[in-house]
Amino acid sequence: MINYKNVIANEIAKVLKIDVTEIEKSIEKPKGVANGDYAFPCFRLAKELRKAPPMIAEDIKTKIELDKKLIENIEVVGGYINFFVNKENLASEVLQNISETKEYGKSEIGKDKNIVIDYSAPNIAKPFHIGHLRSTVIGGALYNIYKYLGYHVTGINHLGDYGTQFGKLIEGYKRWGNEYNIDENPIDELTKIYIRINQACKEDEKILEECRNNFKKLEDGDPYCKELWEKFKDLSLKEFKKVYDILGSHFDSWNGEAFYSDKMPEIIQILEKSGQLVESEGAKIIDLEDKNMAPCIIEKSNGSTTYATRDLAAIMYRARTYDFDKALYVTSYEQILHFKQVFEVAKLLGLPEKYTNGLEHVPFGMVLTKDGKMSTREGKVIKLEELLNEAIQRAKKIIEEKNPELENKEETAKKVGVGAVIFNDLANSRVKDEIFDWDTILNFQGETGPYIQYTYVRTRSVIEKAGGVPDIKEVDVNYLLDDFSSRIIKLIYDFEETLIQVTEKNEPSILSRYLIDLAKAYSNFYNENKIISEDKNLQNARVYLTYAVGTVLKIGAQLLGIEMPEKM
Ligand code: ARG
């Protein structure tokens, strides 16, 4: 499609004789229709050109030559030059494009770029909690969007499957394993064993010693310890996969922390050579005082490695294996300091700067209920599988009330319930804490997943009433020049740019907000305009626009990980 910003920037560049990309970057999109579709601010030029911005603007305006078919009007307001896109041409560009491709907005701009996304990463033998859900959802959306833009993406589930807690679990299982049915209910039962062995460790130093030995044995490859560790891991994964199945999550690699156990000695060696690794109370640390941070512990006083060391080994491995341009880490903001430390120490690994510059933490906020932290009545963590199933049940109840005749209610309820939970995770700027409230997230009229699905379903039923999508050749865009239609067309035109903005900030909420705007624009259009009409030309144009809206809503929602029902 035409890139208007680029067309405008090229013309201005000719007049000013400065770099096009610089100009393109400074072109803005004014809010509200009065100031046009694009605006070029002349304030920054004032100093160099020794002229007042409005004069510069006038001057540029008279000198540029823009095709009236593309830009129908140019106005100077203050220090701005405002450009008005030719609506008719824009409408036919956009609809033509929709008709030609199944994958509207898809692009190749990421070709030859490698992105690694580290997300989800629950801990073995511990519950998969609501924070991991957020990581899974945000990471998954980024994964889909980067891919759609042509990047080569690797999704990694960096499972928490290593550390002294496994020595404890092994010891507990050795002692009381036969009392617990861990095959039936692995996470709950392993948690009970973990609590019990922790208690025993507190009471008896010798037991703690045994636990530490077990972990050491596990690191050294002892068959019994390894077998148990594998059993715990398999059972936990089986549980986690139930959640991933409901969400439709996908990972290219399941290399968890344990995968790096044989890759840490090299890291320690390199750090030792760098001369920066120092002893402190028996531990080996990198001092980060000059960076105003607590030290990064590389090896504990008992010789065992840390979460940070494993992340350093993972950086090395990922640089070598995936040659990444960007490596993203999606976790809650509680780990901001951890990643700051790790990224700082990574500079000592002797890797090309490309890699250390590509490391990026993508933090997100907490999930809270209206009255505080998210937990069940007994104060236990909420189980995700239960939460998702509750969402599905609640969605089903609403559907039963609204549309008792609907076929395959189960399937629709799943899409609506799960979609509501996913959308809620992505609805606002990710660093904000999120409020989890059933009535809000399932409100069909709110800024929610179900609202987007509902709008999509509406587009489908309009098309059904009209007897199908008209051929693009039957569409006369002159019927789509009113404000309601224009607003929609402009939004659809902006879709690809919206996806690019998501990747620039690693902020899926930019796409969520966009979908809400598009759904609202369609609702306004629908309320103001009669679509099914005596006038077939008018009907064809409006039905086609309806089809375009549905197409973009569906692609956008799928990129966020939300499935669209055809009816609801
Ligand atoms: N397992 C960790 C947790 O539950 C998250 C791991 C994130 N990824 C990483 N490379 N450190 O908090």
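Scroll up to find the structure this text is about.
Here the structure is a predicted model, which means the values were calculated and not measured. Each chain carries its own residue numbering, running from 1 in the written order of its sequence. Per-residue local features of the predicted model are confined to residues with pLDDT of at least 70, and side-chain atom pairs are confined, for both listing and counting, to 80 or more; whole-chain, interface and lining totals are unaffected and use all residues. To get the side-chain values, take all heavy atoms of the structure and skip hydrogens and water.

Asker: Provide a residue-level description of empty space enclosed by the protein, including the pertinent values.
Answerer: In this analysis a 1.4 Å probe is tested at points of a 1 Å grid over the protein atoms alone, and where it fits but cannot get out there is a cavity; an open set with protein on both sides within 12 Å along at least five of seven lines is a pocket; lining residues have an atom within 4 Å of a point. Grid points are joined across faces, edges and corners, and a volume is the space filled by probe spheres set on the points. For the structure on display, the rule yields two cavities of 30 Å³ or more. Here the largest cavity defines a volume of roughly 60 Å³. Three classes are used: nonpolar for Ala, Val, Leu, Ile, Met, Phe, Trp, Tyr, Cys and Pro, charged for Asp, Glu, Lys and Arg, and polar for all others, with Gly counted as polar. The residue makeup of the lining of the largest cavity, split by class, is five nonpolar, no polar and four charged. What the second largest cavity holds in volume is close to 30 Å³. As for the second largest cavity, its lining consists of Ile124, Ala125, Lys126, Gln165, Phe166, Leu169 and Tyr194. At three residues, helix α7 (residues 164-176) tops the list of elements feeding residues into the lining of the second largest cavity. Among the residues forming the lining of the second largest cavity, the class breakdown is five nonpolar, one polar and one charged. Numbering of helices and strands runs from the N terminus; a helix is a DSSP stretch of H or I covering at least four residues, while a strand is a stretch of E covering at least two.

Asker: Describe in detail the nonpolar core, supporting the description with residues and values.
Answerer: We call a set of buried residues a nonpolar core when its members are Ala, Val, Leu, Ile, Met, Phe, Trp, Tyr or Cys and they connect through side-chain atoms within 4.5 Å of each other. Each residue gets one of three labels from its accessible area relative to the maximum for its type: buried under 20%, exposed over 50%, partly exposed in between, using a 1.4 Å probe on protein chains only. Within the largest apolar cluster, 187 residues are counted, with the highest numbers of intra-cluster contacts made by Phe40, Ile60, Phe83, Leu95, Ile117, Ile492 and Leu511. The dominant element in this core, judged by the number of residues it contributes, is helix α22 (residues 536-560), at twelve residues. Contact between two residues is taken to exist if any of their heavy atoms lie within 4.5 Å; hydrogens are not considered. The residues touching Ile492, leaving out its near neighbours within four places in the chain, are Val94, Ile98, Tyr104, Tyr514, Leu518, Ala548, Val549 and Val552.

Asker: So what's going on with the sheet that holds strand β2 (residues 71-77)? Residues and values would help.
Answerer: A pair of strands is treated as paired once DSSP finds two or more bridges between them. On the basis of which strands lie adjacent, the open sheet formed by three strands has the order β1-β3-β2 and antiparallel pairing. The open sheet is flanked by β1 (38-41) and β2, the only strands paired with a single partner. Strand-to-strand, the axes of this sheet are offset by a mean angle of 20°, without reference to chain direction. Here β1 pairs with strand β3 (residues 80-85) via four bridges, running antiparallel. Opposite Ala39, over in β3, you have Asn82 as the bridge partner. Note on method: axes are straight lines fitted to C-alpha atoms, helices fitted across the in-contact stretch only, with angles between N-to-C directions ranging 0 to 180 degrees.

Asker: Give me the lowdown on the layout of surface pockets, citing residues and values where you can.
Answerer: Here the largest pocket is characterised by a volume of approximately 1700 Å³. If you go around the largest pocket, you meet 43 residues; those closest to its centre are Lys29, Tyr38, Lys490, Asp494 and Glu497. For the lining of the largest pocket, the secondary-structure elements that each account for two or more residues are β3, α5 (87-100), α19 (483-493), α20 (495-505) and α21 (509-528). Each residue belonging to the lining of the largest pocket can be placed in one class, and the counts come to 18 nonpolar, eight polar and 17 charged. Taken as a whole, the second largest pocket encloses approximately 670 Å³ of empty space. As for the second largest pocket, its lining consists of 31 residues, and the residues nearest its centre are His129, Gly131, His132, Glu334 and Gln335. Elements with a contribution of two residues or more to the lining of the second largest pocket: α6 (130-148), α12 (307-322), β9 (326-332) and β11 (367-369). With four residues, α6 is the single largest residue contributor to the lining of the second largest pocket. Within the lining of the second largest pocket, the residues separate by chemical class into 13 nonpolar, twelve polar and six charged.

Asker: Describe the sheet that holds strand β5 (residues 152-156), naming the residues involved and giving the relevant values.
Answerer: Strand pairing within a sheet occurs via backbone hydrogen bonds; the two strands may be parallel or antiparallel. Overall, parallel pairing links the four strands, which are arranged β5-β4-β9-β10 in an open sheet. Each edge of the open sheet carries a strand with a single partner, namely β5 and β10 (359-364). With direction set aside, neighbouring strand axes in the sheet form an average angle of 20°. In the sheet, strand β4 (residues 114-118) pairs with β9 via four bridges, with the strands oriented parallel. When the sheet's bridge partners are listed, Ile115 is paired in β9 with Lys326. The strands touched by α12 within the sheet are β4, β5, β9 and β10, with β4 carrying the most contacts at an inclination of about 150°. Sheet strands in contact with helix α13 (residues 336-346) are β9 and β10, and its direction is about 180° off that of β10.

Asker: So what's going on with the site of the ligand? Which residues, and what values?
Answerer: Close contacts around the ligand come from Asp118, Ala121, Asn123, His132, His158, Tyr307, Asp311, Tyr329, Thr331, Gln335 and Phe339, and that covers them all. In this structure, Ala121 approaches the ligand through a main-chain N or O atom, which is 2.9 Å from a nitrogen atom. Considered on its own, the ligand offers 350 Å² of accessible surface; in the complex 89% of this is hidden by protein. Taken atom by atom, the bulk of the ligand overlaps the second largest pocket. In terms of residue class, the shell around the ligand is made up of four nonpolar, five polar and two charged. Being near a molecule or strand, for a residue, means having at least one of its heavy atoms within 4 Å of it. Throughout this description, a polar contact denotes any pair of N or O atoms lying within 3.5 Å of each other; where both atoms belong to protein, one of them has to be capable of donating a hydrogen while the other can accept it, and for residues adjacent in sequence the pair is counted only when both atoms sit in side chains. Only the protein chains shown count as cover for residues, with accessible areas throughout obtained via the Shrake-Rupley method and a probe of 1.4 Å. Pocket occupancy is defined atom-wise: a molecule lies in a cavity or pocket when more than half of its atoms are within 2 Å of its grid points.

Asker: Could you give an account of the packing of helix α10 (residues 223-247) against helix α16 (residues 409-426), naming the residues involved and the relevant values?
Answerer: It is the contact of α10 with α16, at a shortest axis distance of 10 Å, that shows an interaxial angle of 100°. Here α10 lies roughly perpendicular to α16, going by the angle between them. Residues Asp245, Ile246 and Leu247 of α10 form the contact with α16, whose participating residues are Lys414, Val418 and Ile422. When its residues are assigned to classes, the contact of α10 with α16 shows four nonpolar, no polar and two charged. In what follows, roughly perpendicular refers to angles from 65 to 115 degrees, roughly parallel to angles under 35, roughly antiparallel to angles over 145, and oblique to any angle outside these ranges.

Asker: A description of the packing of aromatic side chains should follow, citing residues and the corresponding values.
Answerer: Ring pairs (aromatic) are described by centroid distance and by the angle formed between their planes. In summary, the pairing rule links any two rings of Phe, Tyr or Trp, Trp by its six-membered ring, whose centres are within 6.5 Å, and it sorts them by plane angle into stacked for under 30 degrees, edge-to-face for over 60 and tilted for everything else. Summed over all chains, the structure comprises 27 aromatic pairs. Relative to Tyr317, the ring of Phe259 lies with its centre 5.0 Å away and its plane at 75°, an arrangement referred to as edge-to-face. In this pair, Phe259 sits in the loop between α10 and α11 (264-274) while Tyr317 sits in helix α12, placing the two residues 58 residues apart along the sequence. For the ring pair Phe444 and Tyr454, a centre distance of 6.1 Å and an interplane angle of 50° mean the geometry is tilted. Of this pair, Phe444 sits in the loop between α17 (438-441) and α18 (449-465) while Tyr454 sits in helix α18; the two residues are ten residues apart in sequence, bridging distant segments of the chain.

Asker: Could you give an account of the pattern of salt bridges, with specific residues and numbers?
Answerer: Criterion for a salt bridge: a side-chain nitrogen of Lys or Arg within 4 Å of a carboxyl oxygen of Asp or Glu. Under the counting rule described, the total for this entry stands at 41 salt bridges. Asp494 is the partner of Lys29 in a salt bridge, and the nearest nitrogen-oxygen pair spans 3.0 Å. With Lys29 in the loop between α2 (20-26) and β1 and Asp494 in the loop between α19 and α20, the pair connects residues that are 465 residues apart, well separated along the chain. Since its relative accessible area comes to 33%, Lys29 is described here as partly exposed.

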